[in-house]
There are 2 protein chains.
Amino acid sequence: VSKAELSPPRGTRDFYPEDLRLRSWLFERFREVAHRFGFEEVDAPLVEHAELYQRKAGEEIVDQLYHFQLHDRHLALRPELTPSLARMVMARQGALRLPLRWFAIPQCWRYERMTRGRRREHYQWNMDVWGEPDVTAEAELIAALFAATDALGLAPGEVRLRVNHRRLLEETVRPRLGGRDEAFGPLCVVLDKLDKIGAEAVLEQLADPAGPVGLSRPVAEELVAGLAARGLPEAAKGAAPGSPALAELTRLFELLDAYGLADRVDYDASVVRGLAYYTGIVFEARDAAGSLRAVAGGGRYDRLLESLGGRALPAVGFGFGDAVIHELLEERGKLPALPRRLDAVVYPFTEAERSAAVQLAQTLRARGESVELVLGSVKPKRALADADRAGAVRIYLLGPDERARGVVKVRELASGREHDEALPKAPA
Amino acid sequence: VSKAELSPPRGTRDFYPEDLRLRSWLFERFREVAHRFGFEEVDAPLVEHAELYQRKAGEEIVDQLYHFQLHDRHLALRPELTPSLARMVMARQGALRLPLRWFAIPQCWRYERMTRGRRREHYQWNMDVWGEPDVTAEAELIAALFAATDALGLAPGEVRLRVNHRRLLEETVRPRLGGRDEAFGPLCVVLDKLDKIGAEAVLEQLADPAGPVGLSRPVAEELVAGLAARGLPEAAKGAAPGSPALAELTRLFELLDAYGLADRVDYDASVVRGLAYYTGIVFEARDAAGSLRAVAGGGRYDRLLESLGGRALPAVGFGFGDAVIHELLEERGKLPALPRRLDAVVYPFTEAERSAAVQLAQTLRARGESVELVLGSVKPKRALADADRAGAVRIYLLGPDERARGVVKVRELASGREHDEALPKAPA
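A short tour of the structure in this document, coming up. Just so it is clear, the model here is predicted, and its values are computed rather than measured. (Residues numbered from 1 in each chain as written. Chains lettered and ligands numbered in written order. Predicted model: local features only at pLDDT ≥ 70, side-chain atom pairs only at ≥ 80, totals over all residues. Heavy atoms only, no water.)

### With respect to the overall build of chain A
Stated precisely, the cut-off is as follows: Numbering of helices and strands runs from the N terminus; a helix is a DSSP stretch of H or I covering at least four residues, while a strand is a stretch of E covering at least two. Atoms considered for the radius of gyration are the C-alpha atoms alone. The globule rule reads 2.2 Å times the number of residues to the power 0.38. The cut-offs for exposure are 20% and 50% of the maximum accessible area for each residue type, with area from a 1.4 Å probe on protein chains only; residues under the lower value are buried, those over the upper are exposed, and the others partly exposed. Note on definitions: a residue-residue contact is assigned when non-hydrogen atoms from the two residues lie within 4.5 Å. In this description, accessible areas are obtained by the Shrake-Rupley approach with a 1.4 Å probe, and a residue is regarded as covered only by the protein chains that are shown.
Within chain A, the secondary structure is distributed over 16 helices and 17 strands. Here chain A has a C-alpha radius of gyration of 28 Å; the compact-globule value for 428 residues is 22 Å, and the former is much larger. Seen through its principal axes, chain A has C-alpha atoms that stretch 95 × 55 × 45 Å. Across the 428 residues in chain A, those meeting the buried criterion constitute 57%. Sequence separation of 24 or more characterises 66% of the internal contacts of chain A that already satisfy a separation of 6 or more. For chain A, the accessible surface area stands at approximately 17,300 Å², while carbon and sulfur atoms represent 51% of it.

So this is what it looks like as structure tokens:
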């Protein structure tokens, strides 16, 4: 086996115990928040039929699909969970209690060029509501998102949410598409690249006559200029009279006010999100300085089920990745110290005390304690130093003398205090 | 998207909430037992370099590799975790506190023909001790395995462990291999198929002059006949004088006696296990009737690290899958009922009570309660029936009258009892 093959594949990670503790801590915060909001956990296969992701909008997530042929099947590692959820909802449509509140923490894969420590896999907390057309669902989801950043120890000002409505954009653009409604998804995908590729490149793609959008250059310019709007009053200026999208946005801010969250959220016309299937409100959470990528992002996708051949069902959700939140917590010095928790080490001085040590360890474990039994023959000094290194609270020292007296010497490792305890009786 | 693409790929599963609750229940039992035994959780990438699994022993696990080419890389979905763990240990060899006690619950993949409901993915609880040559490690692992079957609610007699020692077999076989020591691994892999393909097919493979084992037919027959030995006294009859392997087996039974587990374990010469890398004691746990496949299996693999180019490090571990234990618990009527836990539903009669309902829900959630907020406009009767269907403990009924009085009506759904509670104050 070559050296290269002894590293995790490029873009993937090993989780040593300290890494796994951090991952579990993060996942537990996600689970706990989801549970408080009445969401139920689900999961789907990591490998799906690649066809489930085949959309023609030029989305990055689809271009970077981790896909392969295997025994005449075209398969893919899931790049996102939403299509799998749609599949699951469709399979039981009619039998499920609506609105569904589902969450999951799937590992997702994308095959992208490796830059700046980006990885090819990440975990993503997904929260989705299926079957609720009202913007009350968006408000609940945004509240859950902030409940998570709170639970992770971030201060209210450290993460901000920017929100927009795809139909506000659509109201402006649709008359210019000349009936080619299918161009709207790809148009959003292009607009979403503004930060990454800059205005000129976006304009070129929008106005490319051979591209999927095909706007005239002046219309494209007007559109990009419109992305500068910030705040609801600005949104209102650009909106059509009596715009339902504007009304929904306004209502969302009223709802967020009831949650005490309105001051963490901004209207921002440049938020479009890079998935073609969003149909309504879209949002993304970022660190307040905006120096990192999005911590979380989501939106409403009322037509996804139809596009897969199911009956129409409104839906809205978000994904919250494990990578950027890790960077942010690290940058803020808020990654928790998560030492190993080990209650006791049980140490038989010689093999003559092995049986008694086994019974003692099993007795402590039956009480729910975390107990390491020393497995080899080591010197007392080494056993003590090693228990210290493991971070154990206590060590049970069981020598010939103790065993003869039916006791064990217990040493608290922090204080060095010692006392004797009676040995448990051997099981009948 | 075609109908076939709307099912999970063949051999994979969707986890709806009730399935996920069962999976979480199982994983929590595994975690809790591992924690009591002082094991730390780790994980490794699901995708590895296929080369990590390339062994020439004809193992089923390698023949069924889920592998593919992607951008000039030959990758595989892990069929088992042990090679990844070996990689992780090697990368930090010298810096890790030994013996290492690691556990993991990876999803593993194998591309096999689908028969009798076998799946292409399963989760497998792995427990491994690295750095301990003594059979005390085997004893701890076997104790942890039984602690898990106990924790899952199985009675002591319902799962039995059969144990053997590869070196007992080796002592007999080595003189017959004519110096071709590398044939021993493949020989074990062939012997392991006895149950599946029968004695005649095993004999043919062992005695195939073109195969990797190449025994003479009489030697092969003698070998297969030897697999019938049961119980330590029988093992002793077949063993070489002063056999270290027999001494280890004897000591293992003494240790298991100290754990109170000796009566759940049998010596069985037919247990060989299908992985080529085992070097010492091997074991497998099955339902007492032996009607299902193995619940768990494992053994000592002291030379795996060397075979990958690392420094020698003794190791022993087991894997405990989620599929067979599920079948066994189901068959025994011991799958737990795991209803959804939902503390409360908060129901605003009209949108005028929406803000107060939001604040009430958030207040209950801040206390750690699991709370569904009714998101749409529904009739009271429907809201009550729906809260009942969700299994909620209470519903908070918030109508115009209640809100005017600054209260909410609380109805316990099981008893139908109602009382009023003061509404929480709006946040400042």
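And the narrative resumes.
### Remarks on the relation of the copies chain B and chain A
Quick note on the threshold: The copies were overlaid by least squares, fitting only the C-alpha atoms of residues that reach a pLDDT of 70 or more in each copy.
With an axial shift of 0.0 Å and an RMSD of 0.0 Å, the rotation relating chain B to chain A amounts to 180 degrees. The superposition operator between the copies reduces to a two-fold rotation axis. For chain B, the smallest separation between a C-alpha atom and the rotation axis is recorded for B:F68, amounting to 3.3 Å.

### Quick look at the interface of chain B and chain A
As a reminder of what qualifies: As a working definition, buried area equals the accessible area (1.4 Å probe) given up by two parts on being put together, with both sides summed. When a carboxyl oxygen of Asp or Glu is within 4 Å of a side-chain nitrogen of Lys or Arg, the pair counts as a salt bridge. Residues adjacent in sequence count toward polar contacts only when both atoms are side-chain atoms; beyond that, a polar contact is any pair of N or O atoms within 3.5 Å, and within protein one must be able to donate a hydrogen and the other to accept it.
Every contact between the two is made by 91 residues of chain B and, on the other side, 92 residues of chain A. Buried surface at the junction of chain B and chain A, summed over both partners, amounts to about 8,200 Å²; 55% is from carbon and sulfur atoms. Interface area lost by chain B to chain A is led by B:Y16, B:R97 and B:L375, which between them contribute 10%. Inspection of the region where chain B meets chain A yields 20 salt bridges. Across the pair B:R365 and A:E140 runs a salt bridge whose closest N-O atoms are separated by 2.8 Å. Applying the counting criterion to the chain B and chain A interface returns 41 residue pairs in polar contact (both at pLDDT 80 or more). For the side of chain B that touches chain A, the element with the highest residue contribution is helix α1 (residues 17-36) of chain B, accounting for seven residues.

### Brief notes about the nonpolar core
The condition is simple: Among buried residues, those of type Ala, Val, Leu, Ile, Met, Phe, Trp, Tyr and Cys that are joined through side-chain atoms within 4.5 Å constitute a nonpolar core.
Core analysis: the biggest nonpolar cluster contains 80 residues, and A:V346, B:W125, B:M127 and B:F320 have the highest contact counts within it. A per-element tally of this core places helix α4 (residues 136-151) of chain B first, with ten residues. Each residue touching A:V346, except ones within four places of it in the same chain, is listed here: A:A357, A:L360, A:A361, A:L364, A:V371, A:E372, A:L373, A:V374 and A:Y396. Grouped together as the second largest cluster of nonpolar side chains are 79 residues, A:L20, A:L328, A:L329 and B:A356 included.

### Some thoughts on the pairing of strand β3 (residues 66-70) of chain A
All names here are of chain A. Quick reminder of the rule: Any two strands with at least two DSSP-identified bridges between them are counted as paired.
Alternating residues of β3 divide into Y66, F68 and L70, all buried, and H67 and Q69, none buried. Examined bridge by bridge, β3 and strand β4 (residues 73-77) share five bridges and lie antiparallel to one another. Considered in β4, the bridge of H67 is made with A76. Here β3 hands over to β4 after two residues, with H71 in that stretch at a positive phi of 45 degrees.

### Looking at the environment of B:L141
Residue and element names in this part refer to chain B. Note that L141 resides in helix α4. The class of L141 is buried, set by a relative accessible area of 0%. Sequence separation of L141 and A34 is 107 residues, and the distance between their C-alpha atoms is 9.6 Å. Beyond its immediate sequence surroundings of up to four residues, L141 is in contact with F39, M127, D128, V129, V316, G317 and F318.

### Some thoughts on the side chain of B:Q124
Residues and elements named next belong to chain B. Note on placement: Q124 falls in strand β7 (residues 121-130). A relative accessible area of 17% means that Q124 is categorised as buried. For Q124, the contacting residues outside a window of four places in its chain are A104, I105, P106, G319, F320 and G321.

### A closer look at the sheet that holds strand β2 (residues 47-49) of chain A
All names here are of chain A. Put simply, the rule reads: Axis definition: a line fit to C-alpha positions, over the contact stretch in the case of helices; interaxial angles, taken between N-to-C directions, run 0 to 180 degrees.
The antiparallel open sheet is built from three strands, whose spatial order is β2-β4-β3. Strand pairing shows two members of the sheet lacking a second neighbour, β2 and β3, which therefore form its edges. Sheet twist, expressed as the average angle between the axes of neighbouring strands with direction ignored, equals 35 degrees.

### Some thoughts on helix α13 (residues 322-331) of chain B
Residues and elements named next belong to chain B. Of all the positions in α13, only D322, V324, I325, L328 and L329 are classed as buried. Buried residues belonging to α13 abut α1, β7, β8 (159-165), β10 (281-287) and β12 (315-321). One or two positions beyond α13, positive phi appears at G333, with a value near 65 degrees.

### Observations concerning the pattern of salt bridges
Residue and element names in this part refer to chain B. One pass over the full model with this rule turns up 106 salt bridges over all chains. For the salt bridge of R264 with D150, the shortest nitrogen-to-oxygen distance reads 3.1 Å. With R264 in the loop between α11 (244-258) and β9 (265-267) and D150 in helix α4, the pair connects residues that are 114 residues apart, well separated along the chain. Looking at D150, the relative accessible area reads 36%, which means it is partly exposed. The shortest N-O distance in the salt bridge between R286 and E284 comes to 3.9 Å. Judged on exposure class, the residue R286 and its partner E284 are both buried.

### Observations regarding helix α6 (residues 184-191) of chain B
Three- or four-residue spacings in an α-helix give side chains the same orientation, since the helix completes a turn every 3.6 residues. Residue and element names in this part refer to chain B. Buried residues dominate α6, accounting for eight of its eight residues. Within the sequence span of α6, burial applies to F184, G185, P186, L187, C188, V189, V190 and L191. Considering only its buried residues, α6 is in contact with α5 (166-173), α7 (194-197), α8 (199-207) and α9 (217-226).

### Section: the packing of aromatic side chains
Residues and elements named next belong to chain B. Stated precisely, the cut-off is as follows: Side-chain rings of Phe, Tyr and Trp, where Trp is taken by its six-membered ring, are said to pair if the distance between their centres is within 6.5 Å; with planes under 30 degrees apart they count as stacked, over 60 as edge-to-face, and otherwise as tilted.
As enumerated under the stated definition, the model contains 27 aromatic pairs over all chains in all. Between Y66 and Y111, the ring centres sit 5.1 Å apart and the planes meet at 75 degrees, which makes this aromatic pair edge-to-face. Of the two residues, Y66 sits in strand β3 (residues 66-70) while Y111 sits in the loop between β6 (107-109) and β7, which places them 45 residues apart along the sequence. Each member of the pair Y66 and Y111 is classed as buried.

### Some words on the pairing of β10(B)
Residue and element names in this part refer to chain B. Most of β10 is tucked away, with seven of its seven residues classed as buried. Sheet topology note: the β8/β10 ladder contains seven bridges and is antiparallel. Residue N164 lies in a different strand from β10, and its bridge partner there is V282. Pairing analysis gives four bridges linking β10 to strand β11 (residues 296-300), with the strands arranged antiparallel. Across the sheet, E284 pairs through a bridge with G297, a residue of β11.

### Details of the packing of helix α1 (residues 17-36) of chain A against helix α4 (residues 136-151) of chain A
All names here are of chain A. Selection criterion: In these notes the angle categories are as follows: under 35 degrees is roughly parallel, over 145 is roughly antiparallel, 65 to 115 is roughly perpendicular, and the rest is oblique. The hand of a helix crossing depends on one turn: near helix anticlockwise from the far one by less than a right angle means left-handed, and clockwise means right-handed. For this classification, Asp, Glu, Lys and Arg are treated as charged, while Ala, Val, Leu, Ile, Met, Phe, Trp, Tyr, Cys and Pro are nonpolar and the rest, including Gly, are polar.
The N-to-C vectors of α1 and α4 enclose an angle of 140 degrees; their axes lie 9 Å apart at closest approach. One way to sum up the angle between α1 and α4 is to call them oblique. For the crossing formed where α1 meets α4, the hand is right-handed. For the pair α1 and α4, contact is made by R29, V33 and R36 and by A144, A147, A148 and A151, respectively. In terms of residue class, the contact of α1 with α4 is built from five nonpolar, no polar and two charged.

### Let's talk about the sheet that holds strand β13 (residues 342-348) of chain A
Within a beta sheet, neighbouring strands are joined by backbone hydrogen bonds and run either parallel or antiparallel to one another. All names here are of chain A. Judged by pairing direction, the sheet is mixed, and its five strands sit side by side in the order β14-β13-β15-β16-β17 without closing on themselves. The open sheet has two free edges, formed respectively by β14 (371-373) and β17 (418-422), since each of these has just one partner strand. Adjacent strand axes in the sheet meet at a mean angle of 25 degrees when their direction is disregarded. Here strand β16 (residues 407-412) pairs with β17 via five bridges, running antiparallel.

### Here's the deal with unusual backbone geometry
All names here are of chain A. The omega torsion of the bond from L98 to P99 falls at -5 degrees, within 30 degrees of zero and hence cis. Located in the positive-phi region is D72, a residue other than glycine, with phi close to 70 degrees. Position of D72 relative to the elements: it lies in the loop between β3 and β4. Residue class for D72 comes out exposed when judged on its relative accessible area of 78%.

### Some details on the packing of helix α5 (residues 166-173) of chain A against helix α6 (residues 184-191) of chain A
All names here are of chain A. The contact between α5 and α6 brings their axes to 11 Å, and the two run at 115 degrees. In this view, α5 runs roughly perpendicular relative to α6, as classed from their interaxial angle. Read as a crossing pair, α5 and α6 show a hand that is right-handed. Where α5 abuts α6, its residues R166, L169, E170 and V173 lie against F184, L187, C188 and L191.

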